[in-house]
Amino acid sequence: MSMSANQKKFLLKEKKNRRFVIFMQLLIIITFLILWEVLANKKILNPFIFSSPTRICLTIKNLFIEGSLISHITTTLYEIFLAFFIGISLGFLIAILLYEIKTLAKIVDPFLTMLNSLPKVALGPIIIIWVGANTKAIIVMALLINLIVSIVNIYNGFLGTDEIKIKLLKSFGASKIQILRYLVIPGSKRTIISSLKLNISMTLIGVIMGEFLVSKKGIGYLIIYGTQVFNLNIVMAGIVILIILSFIIYEGVSLLEKKLLQGKN
Amino acid sequence: MNNILEITNLEKSYYTKQGEIKAIKNISLQVKEGEIVTIVGTSGCGKSSLLGILANIENKSNGLFKFSKAKPTIGYMLQNDALFPWLTIYENAILGLKIAKKDTMENKEYVKKLLKTYNLEEFNNKYPNELSGGMKQRVALIRTLALKPDILLLDEPFSALDYQSRLAVSKDVFNIIKKEKITTILVSHDIGEAVSLSDRVVVLSKRPCSIKKIYEINLPSDNPIDNRKTKEFSELYDQIWKDLDVYVS
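Model, not experiment: these values are computed from the prediction. Position numbers for residues count from 1 along each chain, tracking the sequence in the order it is written. Whichever chain is written first becomes A and whichever ligand is written first becomes 1, with later ones labelled in order. In keeping with the model being predicted, local features are shown solely for residues with a pLDDT of at least 70 and side-chain atom pairs are shown and tallied solely at 80 or more, while totals for entire chains, interfaces and linings include all residues. Just so you know, side-chain values use all the structure's heavy atoms and leave hydrogens and water out.

A.B. asks: Give a description of the interface of chain B and chain A that names residues and reports values.
C.D. replies: Taken together, the 22 residues of chain B in the interface contact 17 residues of chain A. Buried area: the accessible surface (1.4 Å probe) lost by two parts on joining, summed over both. Between chain B and chain A, roughly 1900 Å² of surface is buried when both sides are summed, and carbon and sulfur atoms account for 71% of that area. Together, Ile57, Trp86 and Ile99 of chain B form the three largest contributors to the area buried by chain B at its contact with chain A, with a combined 34%. Criterion for a salt bridge: a side-chain nitrogen of Lys or Arg within 4 Å of a carboxyl oxygen of Asp or Glu. Linking chain B with chain A are 0 salt bridges. Between N or O atoms, a polar contact is any pair within 3.5 Å; within protein, one atom must be a potential hydrogen donor and the other a potential acceptor, and residues adjacent in sequence are included only when both atoms are from side chains. Taken together, the links from chain B to chain A amount to 1 residue pair in polar contact (both at pLDDT 80 or more). Among the residues forming the side of chain B that touches chain A, the class breakdown is 15 nonpolar, 4 polar and 3 charged. Note on contacts: a residue pair is in contact if any heavy atoms of the two residues lie within 4.5 Å. Under the scheme applied, nonpolar residues are Ala, Val, Leu, Ile, Met, Phe, Trp, Tyr, Cys and Pro; charged residues are Asp, Glu, Lys and Arg; polar residues are all the others, including Gly.

Written out as structure tokens, the structure reads:
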């Protein structure tokens, strides 16, 4: 098919705009890094407190050579995926329970609201005493943060099910389980998938917080350890790795979401 | 002909915090086999509740209804097509069979045949959003017919369509019903639809509803659109309009 001149113009404009956006993004990052490096080298910024891009790179390289970097990353990743998986599965199951037993939903509603508004870090010390200062405490911490969001999200998705379709299935003599299987769950696919994204952000917060409180390994530990020995290079290195890791995980989940939502309707 | 359904002194009330709402006050009605009966009434008069009770998805408060068969298969169609957007046309059409655990090879073949007869075969693997409103309505009807119902209950099945498609689709659907010879109770607030399509029109009073009048309809044509042009149609239309006693401000 041939394109009209105006269409071509439009596409060209779009392309130019996209290039400009990427260019500006790169410009901001590079300027920031150069400025940081130069100011630190000229001692205008105290490199002992503020570190610098080259120092951070060097620290990451040393951590890698010394062999601890990979194990810090895998520890954190393991905790993230475990908490994410448990959070989503439990959230899904509890949402089904609340949907099926309306009275239960009414009973627990104020408790869910209370738990949801409570800053979960406050529970950190108790968790450590109850489950011990280990990986379990980190997972529990992360679950406290991601679970309620998942439950509420998925449950609300279920509540949005079309009443007319429920009536239709009932007229076919459908059981509660059949209504769930054929209508409520597939009909809430979009909400369930978009709650994955929210869940992963919450999980990241929970895991890092947990690592701050108890761990002996992981990115969160690296950051806390750096602070304790007053080696800001390690702290900054930890933060940089965390930024990259979160970005990759978040984009991964976004990609998964796009894949799952592709095609039908 | 035999009665397929007998309703005796049926009553229905809803209970809310604000108090009891009586929707149906004493309805008695017999429906003959193969008959098309339309129930008309003003909106909110309780006619949908009546179908809901017959379809077994709502409880009655008092009275009784009896089908001639011990365990009749009931086909129920609602205000919109209620097709599932994530299922293909064929999957939608066999949904009722699947739920009722009657998805045998033979029944599936029957659905395929229906889809073919009513010009939907080429859409078998398409999704509902690729079909026109009228086509979706036909798929919804086939989904109901798949269960080989003894009686069809249609609750304003065309109300979501615009006037033009409504005429075309209702003609379409009624041709199918007549061809398959299925007893049908249609609920509608559209007098024209009621008079042009059915063998009998039952007029309900305002809420709590009871039967006000029953009209035997003997219009000459099988084509509801032609029927609308006859003198009898206009007379019946005016008469029922008066019966409904709609207050127009």
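A.B. asks: Would you mind going over helix 8 (residues 163-171) of chain A in detail, with residue names and values included?
C.D. replies: For every residue, the accessible area (1.4 Å probe, protein chains only) is compared with the maximum for its type, and the residue is labelled buried under 20%, exposed over 50%, or partly exposed between those bounds. Going along the chain from the N terminus, every DSSP run of H or I of four or more residues is numbered as a helix, and every run of E of two or more is numbered as a strand. Regarding helix 8 of chain A, the residues found buried are Ile164, Lys165, Ile166, Leu168, Leu169 and Ser171 of chain A. Structurally, helix 8 of chain A contributes buried residues whose contacts are with helix 4 (68-100) and helix 9 (176-187) of chain A together with strand 5 (74-77), helix 3 (95-99) and helix 5 (133-145) of chain B. The opening residue of helix 8 of chain A is Asp162 of chain A, an N-cap whose side-chain oxygen sits 3.1 Å from the backbone nitrogen of Ile164 of chain A. Gly173 of chain A sits one or two positions beyond helix 8 of chain A and adopts a positive phi of about 85°.

A.B. asks: Now, about the layout of surface pockets: what can you tell me, with residues and values included?
C.D. replies: Residue and element names in this part refer to chain A. In this analysis, the protein atoms alone were mapped onto a 1 Å grid. Cavities are point sets where a 1.4 Å probe fits without being able to get out; pockets are open sets with protein on both sides within 12 Å along at least five of seven lines; lining residues have an atom within 4 Å of a point. Grid points are joined across faces, edges and corners, and a volume is the space filled by probe spheres set on the points. Within this model, the largest pocket holds a volume of roughly 520 Å³. Lining the largest pocket are 14 residues, with Ile29, Leu33, Val240, Ile243 and Ile244 sitting closest to its centre. Taken together, the elements giving at least two residues each to the lining of the largest pocket come down to helix 1 (5-41), helix 3 (53-66) and helix 12 (232-261). Per element, the largest residue contribution to the lining of the largest pocket is 6 residues, and it comes from helix 12. For the lining of the largest pocket, the residue count by class is 14 nonpolar, no polar and no charged. Where each domain starts and ends follows an automatic or database-derived domain assignment. There are two domains that each give the lining of the largest pocket at least three residues, and those are domain 1 (5-45) and domain 2 (53-261). By volume, the second largest pocket is sized at about 340 Å³. Along the wall of the second largest pocket there are 13 residues; nearest its centre are Tyr99, Lys102, Ile166, Lys170 and Ile179. Residue assignment for the lining of the second largest pocket shows that the elements contributing at least two residues are helix 4, helix 8 and helix 9. Looking at the lining of the second largest pocket residue by residue, the classes come out as 5 nonpolar, 2 polar and 6 charged.

A.B. asks: Would you mind going over the side chain of Ser170 of chain B in detail, with residue names and values included?
C.D. replies: Residues and elements named next belong to chain B. Summarising the element assignment, Ser170 is placed in helix 6 (residues 163-180). Within the structure, Ser170 has its side chain in polar contact with the backbone oxygen of Arg166 (distance 2.8 Å). With sequence-adjacent residues up to four places away left out, Ser170 is seen in contact with Phe158, Ser165 and Leu197.

A.B. asks: Hey, could you go over the confidence of the model for chain A for me, with residue numbers and the actual values?
C.D. replies: Chain-level statistics for chain A give a pLDDT mean of 92 and a share of 98% at 70 or above. Confidence scores here are pLDDT values: one per residue, from the predictor, ranging 0 to 100. Summarising per-element confidence for chain A, the mean pLDDT is lowest in helix 2 (residues 47-50) of chain A (89) and highest in helix 4 of chain A (95).

A.B. asks: How would you summarise the domain arrangement of chain A if you had to cite specific residues and measurements?
C.D. replies: Residues and elements named next belong to chain A. Assigned domains within chain A: domain 1 (5-45) and domain 2 (53-261). Placing a centre on the C-alpha atoms of domain 1 and another on those of domain 2 gives a separation of 33 Å. Listed by partner, the interface residues are 4 residues for domain 1 and 5 residues for domain 2. Between domain 1 and domain 2, roughly 400 Å² of surface is buried when both sides are summed, and carbon and sulfur atoms account for 61% of that area. Where domain 1 touches domain 2, the interface holds 0 salt bridges. Between domain 1 and domain 2 we count 1 residue pair in polar contact (both at pLDDT 80 or more) in total. Classifying every residue of the side of domain 1 that touches domain 2 by side-chain character gives 2 nonpolar, 1 polar and 1 charged.

A.B. asks: I'd like to hear about the pattern of salt bridges, residue by residue, with values.
C.D. replies: A full pass over the atoms with the stated rule returns 13 salt bridges over all chains. Here Glu257 of chain A ties to Lys197 of chain A by a salt bridge, and the two come within 3.8 Å at their closest N and O atoms. Of this pair, Glu257 of chain A sits in helix 12 while Lys197 of chain A sits in helix 10 (residues 189-214), and the two are 60 residues apart along the sequence. Among the residues examined, Glu257 of chain A registers a relative accessible area of 15% and is labelled buried. For the salt bridge of Asp150 of chain B with Lys69 of chain B, the shortest nitrogen-to-oxygen distance reads 2.9 Å. Of the two residues, Asp150 of chain B sits in the loop between helix 5 and strand 6 (151-155) while Lys69 of chain B sits in the loop between strand 4 (62-67) and strand 5, which places them 81 residues apart along the sequence. Residue classification places Asp150 of chain B among the buried positions, given a relative accessible area of 19%. On the accessibility criterion, Lys69 of chain B (45% relative accessible area) is partly exposed.

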